[in-house]
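# Structure at a glance
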Amino acid sequence: MTENLTGAGFGRLEFRDPERIAALRKKISQLCRNVKKPISIMHVCGSHEQSIARFGLRSLLPPELNVIMGPGCPVCITDVPEVDEAIAIARQGAIVATFGDMFRVPGSCFSLEQVKAQGADVRVVYSPSEALKLALESKGEVVFFASGFETTAVATAAVVLANPPANFSVLSAHKYIPPVMEIVAEMPGTRVEGFLAAGHAATITGWGVFERFVSRHKIPVVTGGFEPLDVLAALAALVELVVAGEAAVENAYPRCCTKEGNLAAQKLLWEVFESEGGMWRGIAHVPNGNLRLRSRYRSFDSRQRFDLTPDLCQEDSLQPLTLECICGNIMAGIQSPKDCRLFGMECTPQSPVGACMVSAEGTCKIWHEYGGHLIIAE
Amino acid sequence: MQRAPVKGSRSGAMSHKKVLLGHGSGGKLMHELIEQIFAPELLGSCRTQLNDSALMEINGSRLAVTTDSYVVDPLFFPGGDIGKLAVNGTVNDLSMVGGRPLALTAAFILEEGFPMEDLLKIVASMKEACEMAGVNIITGDTKVVNRGKCDKSFINTTGVGIVEPGVDISADRARPGDLVLVNGDIAAHGMAILSARQELDFEVPIYSDTQPLHLLVADMLSASEQIHCLRDATRGGLASALNELAIASAVGIRIYEDQLAIQDEVKGCCEILGLDPLHVANEGKLLSIVAAEDAPTVLAAMRANTAGRQASIIGEVVEAQAQRPLVVMKTTVGGWRIVDMLAGEQLPRIC
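Sequence positions are assigned chain by chain, starting from 1 and proceeding in written order. Think of it this way: whatever chain is written first is A, whatever ligand is written first is 1, and the rest follow in order. Where totals are concerned, whole chains, interfaces and linings use all residues; where local detail is concerned, this predicted model gives features only for residues with pLDDT of at least 70, and gives and counts side-chain atom pairs only at 80 or more. Heavy atoms from the whole structure form the basis of all side-chain values; hydrogens and water molecules are not counted.

## What about the overall build of chain B?
Worth spelling out the cut-off: Only DSSP runs of H or I with at least four residues qualify as helices, and only runs of E with at least two residues qualify as strands; both kinds are numbered from the N terminus onward. Only C-alpha atoms enter the radius of gyration; for comparison, a globular chain is expected to reach 2.2 Å times N to the power 0.38, where N is the number of residues. Throughout this description, buried means an accessible area under 20% of the type-specific maximum (1.4 Å probe, protein chains only), exposed means over 50%, and partly exposed covers the range between. By the convention used here, residues are in contact when the closest approach between their heavy atoms is within 4.5 Å. Only the protein chains shown count as cover for residues, with accessible areas throughout obtained via the Shrake-Rupley method and a probe of 1.4 Å. Within this scheme the basic residues Lys and Arg register as positive and the acidic residues Asp and Glu register as negative, but His and the chain ends are omitted. By convention, the charge on Lys lies at NZ, on Arg at CZ, on Asp at CG and on Glu at CD.
Across its full length, chain B carries eight helices and 14 strands. Compactness check: chain B gives a C-alpha radius of gyration of 20 Å against a globular reference of 20 Å for 351 residues, within 12% of the reference. For chain B, the proportion of its 351 residues judged to be buried stands at 54%. Taking contacts inside chain B between residues at least 6 apart in sequence as the whole, the part at least 24 apart equals 84%. Accessible surface for chain B amounts to roughly 15,100 Å². Of this, 53% is attributable to carbon and sulfur atoms. Side chains of chain B carry 30 positive and 43 negative charges; the gap between the two charge centres is 5 Å.

## Considerations on the domain arrangement of chain A
Residues and elements named next belong to chain A. Convention followed: Bear in mind that the domain bounds are from an automatic or database domain assignment. Buried area: the sum, over both parts, of the accessible surface (1.4 Å probe) that disappears when the two are put together. Definition used for salt bridges: Asp or Glu carboxyl oxygen within 4 Å of a side-chain nitrogen of Lys or Arg. Polar contacts, as used here, are pairs of N or O atoms within 3.5 Å; protein pairs need one atom able to donate a hydrogen and one able to accept it. Residues neighboring in sequence count only if both atoms are side-chain atoms.
Here the domain parsing of chain A yields domain 1 (1-319) and domain 2 (320-370). Taking only C-alpha atoms, the centre of domain 1 and the centre of domain 2 are 18 Å apart. The junction of domain 1 with domain 2 conceals about 2,100 Å² of combined surface from both sides, 60% of it contributed by carbon and sulfur atoms. At the junction of domain 1 and domain 2, the tally comes to zero salt bridges. Between the two partners, domain 1 and domain 2, sit six residue pairs in polar contact (both at pLDDT 80 or more). Residue assignment for the side of domain 1 that touches domain 2 shows that the elements contributing at least two residues are helix H3 (46-54), strand S2 (65-69) and helix H5 (100-104). If one sorts the elements of the side of domain 1 that touches domain 2 by residue count, H3 sits on top with six residues.

## Quick word on the domain arrangement of chain B
Accessible area lost when the parts come together is the quantity often used to give the size of an interface. Residues and elements named next belong to chain B. Domains assigned within chain B are domain 1 (49-163) and domain 2 (171-338). Summarising the inter-unit geometry, the C-alpha centres of domain 1 and domain 2 are found 23 Å apart. Contacts between the two partners involve 23 residues from domain 1 and, on the opposite side, 23 residues from domain 2. Overall, the association of domain 1 and domain 2 removes approximately 1,900 Å² of surface from exposure, summing both partners, and the carbon and sulfur fraction of that is 60%. By the criterion of area lost to domain 2, the three top residues of domain 1 are Leu50, Pro78 and Met96, representing 29% of everything that side buries. The tally of links between domain 1 and domain 2 comes to zero salt bridges. On the surface where domain 1 and domain 2 come into contact, there are eight residue pairs in polar contact (both at pLDDT 80 or more). When residues in the side of domain 1 that touches domain 2 are grouped by element, the largest group, eight residues, is from helix H2 (residues 82-95).

## As for the sheet that holds strand S12 (residues 312-319) of chain B
Residues and elements named next belong to chain B. Using the following cut-off: Strands pair, by our definition, only if DSSP identifies at least two bridges between them. Inter-axis angles, ranging from 0 to 180 degrees, are taken between N-to-C directions of lines fitted to C-alpha atoms, where helices are fitted over the stretch in contact.
Spatially, the seven strands line up as an open sheet ordered S9-S11-S8-S12-S10-S13-S14, and their pairing is mixed. Either end of the sheet is taken by a strand with one partner, and the two such strands are strand S9 (227-232) and strand S14 (336-338). Each neighbouring strand pair of the sheet contributes to a mean axis angle of 25°, computed without reference to strand direction. With four bridges connecting them, strand S8 (residues 179-182) and strand S11 (residues 286-290) associate as antiparallel partners. Looking across to S11, one finds that Leu181 is bridged to Ser288.

## Regarding the interface of chain A and chain B
The cut-off we apply is this: All amino acids are sorted into three groups, where Ala, Val, Leu, Ile, Met, Phe, Trp, Tyr, Cys and Pro are nonpolar, Asp, Glu, Lys and Arg are charged, and the leftover types, Gly among them, are polar.
Listed per partner, the contact involves 40 residues of chain A and 33 residues of chain B. One can count two salt bridges joining chain A with chain B. Arg16 of chain A serves as the salt-bridge partner of Glu271 of chain B, at 3.0 Å between the closest nitrogen and oxygen. Here chain A is connected to chain B by seven residue pairs in polar contact (both at pLDDT 80 or more). The element best represented in the side of chain A that touches chain B is helix H16 (residues 363-370) of chain A, accounting for four residues. Looking at side-chain class alone, the side of chain A that touches chain B contains 20 nonpolar, nine polar and eleven charged residues.

## Quick word on the pattern of salt bridges
Working definition: two side chains of opposite charge can pair if their charged atoms are close together. In total, this model carries 32 salt bridges over all chains according to the counting rule given. Among the salt bridges present, the one from Lys259 of chain A reaches Glu211 of chain A, with a minimum N-O distance of 3.4 Å. Of this pair, Lys259 of chain A sits in the loop between strand S9 (249-251) and helix H13 (263-272) while Glu211 of chain A sits in helix H11 (residues 211-217); the two residues are 48 residues apart in sequence, bridging distant segments of the chain. Classification of Glu211 of chain A by relative accessible area gives partly exposed; the value is 35%. With its nearest N and O atoms 2.9 Å apart, the salt bridge here joins Asp151 of chain B to Arg349 of chain B. Of this pair, Asp151 of chain B sits in the loop between strand S6 (136-145) and strand S7 (153-163) while Arg349 of chain B sits in the segment after S14; the two residues are 198 residues apart in sequence, bridging distant segments of the chain. Look at Arg349 of chain B and you get partly exposed, because its relative accessible area is 27%. Taken together, the shared-partner salt bridges connect Arg16, Arg54 and Glu227 of chain A together with Glu271 of chain B into one network.

## What to know about the side chain of Ser172 of chain A
Topologically, Ser172 of chain A is positioned in strand S6 (residues 168-174). Residues within four places of Ser172 of chain A in sequence aside, it is in contact with Glu82, Ala146, Phe273, Leu291, Arg292, Leu293 and Arg303 of chain A.

## Some thoughts on unusual backbone geometry
Going from Asp73 of chain B to Pro74 of chain B, the amide bond is cis rather than trans, its omega being 5°. Relative to the assigned elements, Pro74 of chain B resides in the loop between strand S2 (61-70) and strand S3 (76-77). One non-glycine residue, Lys218 of chain A, lies in positive phi territory at about 55°. In this fold, Lys218 of chain A is placed in the loop between H11 and strand S8 (221-224). You will see that Asn288 of chain A, though not glycine, has its phi angle at about 65°, which is positive. With respect to the secondary-structure elements, Asn288 of chain A resides in strand S11 (residues 284-293).

## Some points on a nonpolar patch on the surface
Residues and elements named next belong to chain B. How we decide: Residues qualify for a patch when their relative accessible area is over 30% and they have no salt bridge, like charges being joined within 9 Å and the nonpolar side chains of Val, Leu, Ile, Met, Phe, Trp and Tyr within 5 Å.
On the surface, Ile37, Phe38, Leu42 and Leu43 cluster together into a nonpolar patch covering about 360 Å² of accessible area. Residue placement: Phe38 occurs in helix H1 (residues 28-43). Given a relative accessible area of 40%, Phe38 falls into the partly exposed group.

## Comments concerning the environment of Leu134 of chain A
All names here are of chain A. Relative to the assigned elements, Leu134 resides in helix H7 (residues 128-137). Residues Leu134 and Ile95, spaced 39 residues apart in sequence, show a C-alpha to C-alpha distance of 8.8 Å. Discounting residues that sit within four places of it in the chain, Leu134 has contacts with Ile95, Ala97, Arg123, Val125 and Val142.

## Details of helix H5 (residues 214-223) of chain B
Residue and element names in this part refer to chain B. Note the threshold: It is the directions from the helix axis to the C-beta atoms whose arc is reported.
Residues His214, Leu216, Val217 and Met220 constitute the buried set of H5. Mapping the buried residues of H5 onto a view down its axis gives an arc of 155°, with all of them on the same face. Of the exposed residues in H5, the ones pointing more than 90 degrees away from its buried face are Leu215 and Ser222. Its buried side turned inward, H5 meets H2, strand S5 (99-111), helix H3 (116-133), S9, S11 and helix H8 (295-303).

In structure tokens:
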């Protein structure tokens, strides 16, 4: 079935063919019309939300089909103490290299951006290897503050295994997605009838990784890519499974993703990292949700190298508005940015209250930029 | 539908204790800086910040005046250099109020140790650009600062132009029903700068689109008396220019993605880097809002000029929905999305 949905149309370089979009749209509408109740699908990836919002895909879906974003933004679920650790390191004089979005995400009192304006050396890098290059060119300590899911973690692992210089270390805030799907599925307020899994993460882990989840929770999972046709094809496959009452894993991203995944990458990942329990901001304690450096690579683990007592707040800059932020509920799929009193008012990309408004992968930022569900009368 | 954004107590330039790079991005932060810090203190009742040039009336003649500083890094990039940019950028700002450029000034801030050879190259390039634009540099200034106190060379140019009687172009003149035109493909300048920087090695050369637009504007003005708005889509890209016009005129704007021209290599690089081409800077692209009945004539005039060969009608002006001056785009797959002004900094020192 998946082959029929995804086969022929994917010969084009760009997966945006209007005719095929129209065909998938019709298929989804017909499937939804046959069921009497609304269907709720959750995706767990900021890139999926980017694609859905940027191409206005929700305005192409029937009103019965509700596509919500779960905890799919690695920056958003980076916990406050993790940001505080990076800030503590930056204040000890090390160069902290990190991805652009991590630069602005708030810790207890400050963001790395603010600490940089105060004089710390914080650099924005595009890749872990760029951080490694910084270490090779620098005499002082260079710390790569690493964020991202299992996909990005592989690139970090590769750098750790590339015999880095002694002044290089990694402060890992990497997260592992499969365990959090279990948490979200068990949350009382969440109603998810199907998961759209991130195609790039599944390209690494293999779609087989979801079989255990499906058999335990009886919720179907379909892996999908990020072009508009990819997303619609995966949604069509999911709706079909939901309507048929079938709990199974399907792969709607066959051009990249296989059942066993990228074994070489998995080997790198688990050689360097191990999973352990930890807090995800706004969600909960997630057993096995954090990726941390194994003890045999402790010499490259910033947590072993620096004093990480978080700095005491120098001023009372905790915002009372933070108490009104509903990012946690948004990431759990219980509420949407439309339900937030602060959205677009006090909370904007220029002065974000919650992490979801900071990151390019955050639901609120994406909805603010593109409109999450825009209906335009033509 | 989302609620209209309002200025909350936390948002705005005053909420930052220090100047951020984003305050110079041409996007929202810079607008806040101008509206909340510069304009109230320095501009008084003058509302000229709406447009790319200010208008002064002297003995019945209307003069257009504009000033711009250039800090582009690197100084030399595919398709241009800081000198060419400093002339074209200011000429274009004059053109955007319908001004015919008369003269420029040029002020140089140079770093001690800056190679004379590079300075000669920049000056030769400015001379050539001035000849193309038909303007002279009539006065200037030179400052040299200690090594490390500025980066190589910064240039400021001020331009003066004359606006003919009957020409009335302003950002607040867009009306529902008007059509939106662009003179060609977008996002080339920003991507040219990015590709010229060492950290990103693209194999495909991308050339800046820097060019003077005064002759194109002159042709457009001869073709129609109903050109309501002109805007140079520089920093912040087409998206910021569209939003500025929508806000100033209190209207909505709808554009159609399949009508936008973008070179394949530019589109590809934007996709790889996750940049929205609508936010990427241009240095030779203008946005024009024209009464619908005159749009075909203006389009023909644009296409007849070398700076407008690829001109197209990309959208229309509509009533603001719920009093919100929203810019939306119908995507290539048929869905709608918001086209927001660039928030924060995409790429520092683009011009």
